[in-house]
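So you can see what is in the structure, the chains are spelled out below.
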Amino acid sequence: MVNMEPVAWTVTARNLADHAGNAIHTDAGARAAGFPGALVAGVTTYAYLTHPIVEAWGVDWLTSGTAEIRFRAPVFDQDLLEFRPSPQLDDSVLVEARRTRTTGALATMLATRTTFEPPADRRPGQELEPMAVTLEGQWGSDYGSRAGDDLSIYAERGLVHPAAWPALANYITHAQVVRGSWIHTRSLIRHHASAEAGSTAFIQATVVDRFTRETGERAVLDVTIDVEGQRVATIEHEAIVALTGE
């Protein structure tokens, strides 16, 4: 068990080839949507946000912690990012992602050590087709290391990186909900158990809300992820599923 205060961390953002299926993560697709270049995937930014927390809290957070993440502005390939943790009055920690030469937060994550709530059922809505995925490759233990997260805990213990859970929520969203380029905007992730790399994840999702803002149509999904019959994560997941103008 690791038990220390989270400390700041810097990394150069990488745009992984894993995400090229969403055109917004390619230069051509991002420019068509009005951006100067390819956006780094939100789950990659989330992988970076988890670094100070896992370094400080270890496996305990992977098995029972929570994360509320919000993506506020684009992160681009080769951005030099700093992740600044600040303890809150309720013992949670807010981690902010910032470019090193600017002041505004690009993304935030509010992390708590433990969720005391049992896994919740998905709310009523549009049920999606369940999907099964083997937790290897982009969903295995090396997601963070390929993105630049140098923590060794995942490879040493054969554990799935926590970025796999919103990545799987993105996977079912991309496969069954989105139309064209799309953007992950926020997630509330509750961990209920860790998972071994190479095991099989069973993903179920329900679209519980749809609404439109200036940037386009958004969808909110309740997602549950089970591994070998055990609930490992529940997620409230929001994305812009149809960008305005496309």
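Residues numbered from 1 in each chain as written. Predicted model: local features only at pLDDT ≥ 70, side-chain atom pairs only at ≥ 80, totals over all residues. Heavy atoms only, no water.

> Quick one: what's the story with helix α2 (residues 42-57), residue by residue and with numbers?
Over its 16 residues, α2 runs 22 Å from end to end, which matches the ideal 22 Å to within 8%, given 1.5 Å per residue. Along α2, the sharpest change in direction is near 35 degrees and occurs at His51; proline Pro52 comes one to four residues later. Counting buried positions over the 16 residues of α2 gives 15, a clear majority of the element. The first or second residue beyond α2 is Gly58, which carries a positive phi of 70 degrees. (Helix = DSSP H or I, 4+ residues; strand = E, 2+ residues; numbered from the N terminus. Expected span 1.5 Å × (residues − 1). Bend = angle between axes of the 7 residues up to and from the residue. Buried < 20%, exposed > 50% of the residue type's maximum accessible area, 1.4 Å probe, protein only.)

> Describe unusual backbone geometry, naming the residues involved and giving the relevant values.
Phi at Asp91 is positive, roughly 75 degrees, even though this residue is not glycine. Along the polypeptide, Asp91 turns up in the loop between β3 (80-87) and β4 (93-99). Despite not being glycine, Glu228 has its phi angle at roughly 50 degrees, a positive value. With respect to the helices and strands, the residue Glu228 is situated in the loop between β10 (216-227) and β11 (230-243).

> Explain the packing of aromatic side chains to me, and be specific about the residues and the numbers.
Summed over the entire model, instances satisfying the criterion amount to four aromatic pairs. Ring geometry for Trp9 against Phe83: centres 5.7 Å apart, planes inclined by 35 degrees, an arrangement best described as tilted. One end of the pair, Trp9, is in strand β1 (residues 9-12); the other, Phe83, is in strand β3, with 74 residues separating them in the sequence. With a relative accessible area of 0%, Phe83 lands in the buried category. Linked through ring pairs, Trp9, Tyr48 and Phe83 together constitute an aromatic cluster. (Phe/Tyr/Trp six-rings, centres within 6.5 Å; stacked < 30°, edge-to-face > 60°.)

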